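Given next are the chains, with one letter for each unit.
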Amino acid sequence: MAKRIVILGAGESGAGAAVLAQKKGFDTFVSDMSVIKEKYKNLLNERGIAWEEGKHTEELILNADEVIKSPGIPNNAPMILKIKERNIPVISEIEFAGRYTNAKMICITGSNGKTTTTSLIYHIFRKAGLNVGLAGNIGQSLAYQVAECNFDYYVIELSSFQLDNMYQFHADIAILMNITPDHLDRYDYKMQNYVDAKFRIIQNQTDNDAFIFWNDDPIIQKELSKYGIHGHYYPFAEDKKEGLAAFVDQNKVCFTKPIDFNMEQEELALTGKHNLFNSMAAGISANLAGIHKECIREALMDFKGVEHRLERVARVKEVEYINDSKATNVNSCWYALQSMRTKTILILGGKDKGNDYTEIAQLVKEKCCGLIYLGLHNEKLHQFFDSFGLPVADVQSMKDAVNAAYQMAQKGETVLLSPCCASFDLFNSYEDRGDQFKECVKNL
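Trainee: Explain the overall build of the chain to me, and be specific about the residues and the numbers.
Mentor: Looking only at helices and strands, the chain features 17 helices and 20 strands. Scaling as 2.2 N^0.38, a compact globule of 444 residues should have a C-alpha radius of gyration of about 22 Å, and the chain matches this with 22 Å. The 444 residues of the chain split such that 57% are buried. Excluding contacts between residues fewer than 6 apart, the proportion of contacts in the chain whose partners are at least 24 apart in sequence is 66%. Of the accessible surface of the chain, which amounts to about 19,000 Å², a share of 47% is contributed by carbon and sulfur atoms. Positive and negative side-chain charges in the chain, numbering 49 and 58 respectively, have mean positions lying 1 Å apart.

Trainee: Mind laying out helix H2 (residues 38-46), listing which residues take part and the relevant values?
Mentor: Burial in H2 covers these residues: Tyr40, Lys41, Leu43 and Leu44. For H2, the buried positions fall inside an angular range of 160 degrees around the axis, keeping them on one side. H2 presents Glu38, Lys39 and Glu46 as exposed residues on the side facing more than 90 degrees away from its buried surface. Where H2 is buried, its residues contact helix H1 (12-23), strand S2 (27-32), strand S3 (50-53) and helix H7 (142-148). Backbone geometry just after H2 places Gly48 at a positive phi near 65 degrees.

Trainee: Outline the sheet that holds strand S18 (residues 368-374), supporting the account with residue identities and numerical values.
Mentor: The 6 strands lie next to each other as S15-S16-S20-S17-S18-S19, forming an open sheet whose pairing is mixed. The sheet terminates laterally at strand S15 (311-316) and strand S19 (392-395), the two strands that pair on one side only. Across this sheet, the average inter-strand angle for adjacent strands is 20 degrees, counted without regard to direction. Note: strand S16 (residues 319-323) against strand S20 (residues 414-417), 4 bridges, orientation parallel.

Trainee: Residue-level account of the packing of helix H16 (residues 398-408) against helix H17 (residues 430-442), with values.
Mentor: Two elements in contact, H16 and H17, have axes whose closest approach is 9 Å; the angle formed by their N-to-C orientations is 50 degrees. The pairing of H16 with H17 is recorded here as oblique in orientation. The way H16 lies across H17 gives a crossing that is right-handed. Every residue of H17 that contacts H16 at Met398, Lys399 and Val402 is listed here: Arg433, Gln436, Phe437, Cys440 and Val441.

Trainee: Before we move on, could you go through the pattern of salt bridges and cite the residues and values that matter?
Mentor: Counted according to the given criterion, the structure contains 21 salt bridges. Its salt-bridge partner being Glu298, residue Lys127 comes within 3.5 Å of it at the nearest N-O pair. Here the residue Lys127 occupies a position in helix H6 (residues 114-127), and Glu298 occupies one in helix H12 (residues 293-302), the gap between them amounting to 171 residues. Given the relative accessible area of 32%, Lys127 is considered partly exposed. Since its relative accessible area comes to 45%, Glu298 is described here as partly exposed. Notably, a salt bridge pairs Glu223 with Lys226, separated by 3.1 Å at the nearest N-O pair.

Trainee: Describe the packing of H1 against H2, listing the residues and the values that go with them.
Mentor: The axes of two packed helices give the description: the angle between them and the distance between them. Packing of H1 against H2 brings their axes to within 10 Å, and their N-to-C directions diverge by 5 degrees. As far as their axial angle goes, H2 and H1 are roughly parallel. Here Glu12, Ala15, Ala18 and Val19 of H1 lie close against H2, whose contacting residues are Lys39, Tyr40, Leu43 and Leu44. Looking at the contact of H1 with H2, its residues break down into 6 nonpolar, no polar and 2 charged.

Trainee: Could you give an account of empty space enclosed by the protein, with specific residues and numbers?
Mentor: Evaluated as defined, the whole model comprises 2 cavities of 30 Å³ or more. The volume enclosed by the largest cavity comes to roughly 120 Å³. Mapped onto the lining of the largest cavity, the elements with two or more residues apiece are helix H11 (273-288) and helix H13 (330-338). Across the lining of the largest cavity, the residue classes break down as 5 nonpolar, 6 polar and 2 charged.

Trainee: Account for the environment of Met301, with residues named and values stated.
Mentor: By the element assignment, Met301 lies in helix H12. It is 4.6 Å that separates the C-alpha atoms of Met301 and Ala269, two residues lying 32 residues apart in sequence. Setting aside its immediate chain neighbours within four residues, Met301 contacts Met263, Glu267 and Ala269.

Trainee: Give a detailed account of the nonpolar core, specifying residues and quantitative values.
Mentor: Among the nonpolar cores identified, the biggest contains 49 residues, and Leu142, Ile156 and Phe199 are the most heavily contacted of them. With 6 residues, H1 is the single largest residue contributor to this core. Ignoring anything within four residues of it in the chain, the contact list for Phe199 reads Leu176, Ile179, Phe211, Ile220, Glu223, Leu224 and Tyr227. Of all hydrophobic cores here, the second largest spans 44 residues; its members include Tyr234, Ile291, Val306 and Tyr335.

Trainee: How would you sum up unusual backbone geometry? Please name residues and give values.
Mentor: With an omega of -5 degrees, the peptide bond between Lys257 and Pro258 qualifies as cis. Turning to its location among the elements, Pro258 is positioned in the loop between strand S13 (252-255) and strand S14 (261-264). Its identity as a non-glycine residue notwithstanding, Leu310 has a phi of 45 degrees, on the positive side. Mapping Leu310 onto the fold places it in the loop between H12 and S15. Judged by relative accessible area, Leu310 falls into the partly exposed class, the value being 22%. Unlike most non-glycine residues, Lys317 shows phi in positive territory, near 50 degrees. Relative to the helices and strands, Lys317 resides in the loop between S15 and S16.

What counts as what
- Residues numbered from 1 in each chain as written.
- Predicted model: local features only at pLDDT ≥ 70, side-chain atom pairs only at ≥ 80, totals over all residues.
- Heavy atoms only, no water.
- Helix = DSSP H or I, 4+ residues; strand = E, 2+ residues; numbered from the N terminus.
- Rg over C-alpha atoms; globule rule 2.2 N^0.38 Å.
- Buried < 20%, exposed > 50% of the residue type's maximum accessible area, 1.4 Å probe, protein only.
- Contact = heavy atoms within 4.5 Å.
- Areas by Shrake-Rupley, 256 points an atom, 1.4 Å probe, with all protein chains shown as cover.
- Lys, Arg positive; Asp, Glu negative; His and termini not counted.
- Charge placed at Lys NZ, Arg CZ, Asp CG, Glu CD.
- Arc of directions from axis to C-beta.
- Pairing = 2+ DSSP bridges.
- Axes fitted to C-alpha atoms, helices over the stretch in contact; angles between N-to-C directions.
- Parallel < 35°, antiparallel > 145°, perpendicular 65-115°, else oblique.
- Left-handed = near helix turned anticlockwise from the far one by under 90°.
- Salt bridge = Lys/Arg side-chain N within 4 Å of Asp/Glu carboxyl O.
- Nonpolar A, V, L, I, M, F, W, Y, C, P; charged D, E, K, R; others polar.
- 1 Å grid on protein atoms, 1.4 Å probe; cavity = no way out; pocket = protein on both sides within 12 Å on 5 of 7 lines; lining within 4 Å.
- Points joined across faces, edges and corners; volume = space filled by probe spheres on them.
- Core = buried A, V, L, I, M, F, W, Y, C linked by side-chain atoms within 4.5 Å.

In structure tokens form, the structure reads like this:
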């Protein structure tokens, strides 16, 4: 009898896992507590894969040999607890897909910068003519690509939620951008639990593998001493030090290993300190993959950036509007504020994940000339920021947020949407939030 695989959640990762499971001959069933999007229903129906929506039927789930869980489902969800009581293994879609490919895996995690770094590495590999897929939190699901394509490399953005349910998966190149508090609501409000999840990215590395990380991150440095050396270390930092794989020296970005080369910092397509680190991590990865330095330089110079990440939307009456909807945590907003060159009206708020706003307090005082609280529950923002003496506005729709910013902003200032929070109180996703912002700005 075929082994039974049950997939919980029928979004991009769940639908992809179902396609791969069926292709590998498993008895496959998909269950989603929400309504399944039309495109995923069609994909499942075309392949004759059984599914249900709006419920989890226990007798169809608890007879599984293995369960593949969507990253969005918490580990303490009632159905997951029942599955664990039966000792049925629960894995992620990435873990499952990794069993069926020998492609080289370039995996990126971190609290911030992972989407940009992942997209940048993919851009360099494509430019070099490599046969490469983009997966994880962006692009098509890894499982779907393993089922339908035949790539030699995968560049994979991994969230802590995906890493939580990965056990045997092996990253040839693991990249850890940084670790700052995020998603603590999913980790019992214990920072160490979140840190441990991030470090799972190196758990199966061998002596032939590479670990790329930001050398000046205090949490990474502290954790490194706990782990045996997994493969080779390739640290990067802004200031020149012995042993770094990338650093800045006299306005040049210097890459030292395996091949030594450099480029002018001002030639980088992406600006700001955080993007310098993203470019370094991407450059080291490409260097390790044997891509020619000329190609790496060119790709770092012509990359177009990521939507919803410090994305310039428009200039209206000499006020710049910037969409940084992807800033779903406080540290991400810190980077955005740090890169502002003018007085800024900051739109922030949403679903709070246990945020501590102390990290941005100084920058808000220095850079901001107004605050707009966009969320259903803005009490915490009022408590923290109102004493700063800045003009504030309370809004519960994007249209009202943009209108309030328009009224508040003076010539030469910037309006920045960089929310620090998840979007699910008022929007479907951070993309939906950013799209609405862009639409409202264009209607001014």
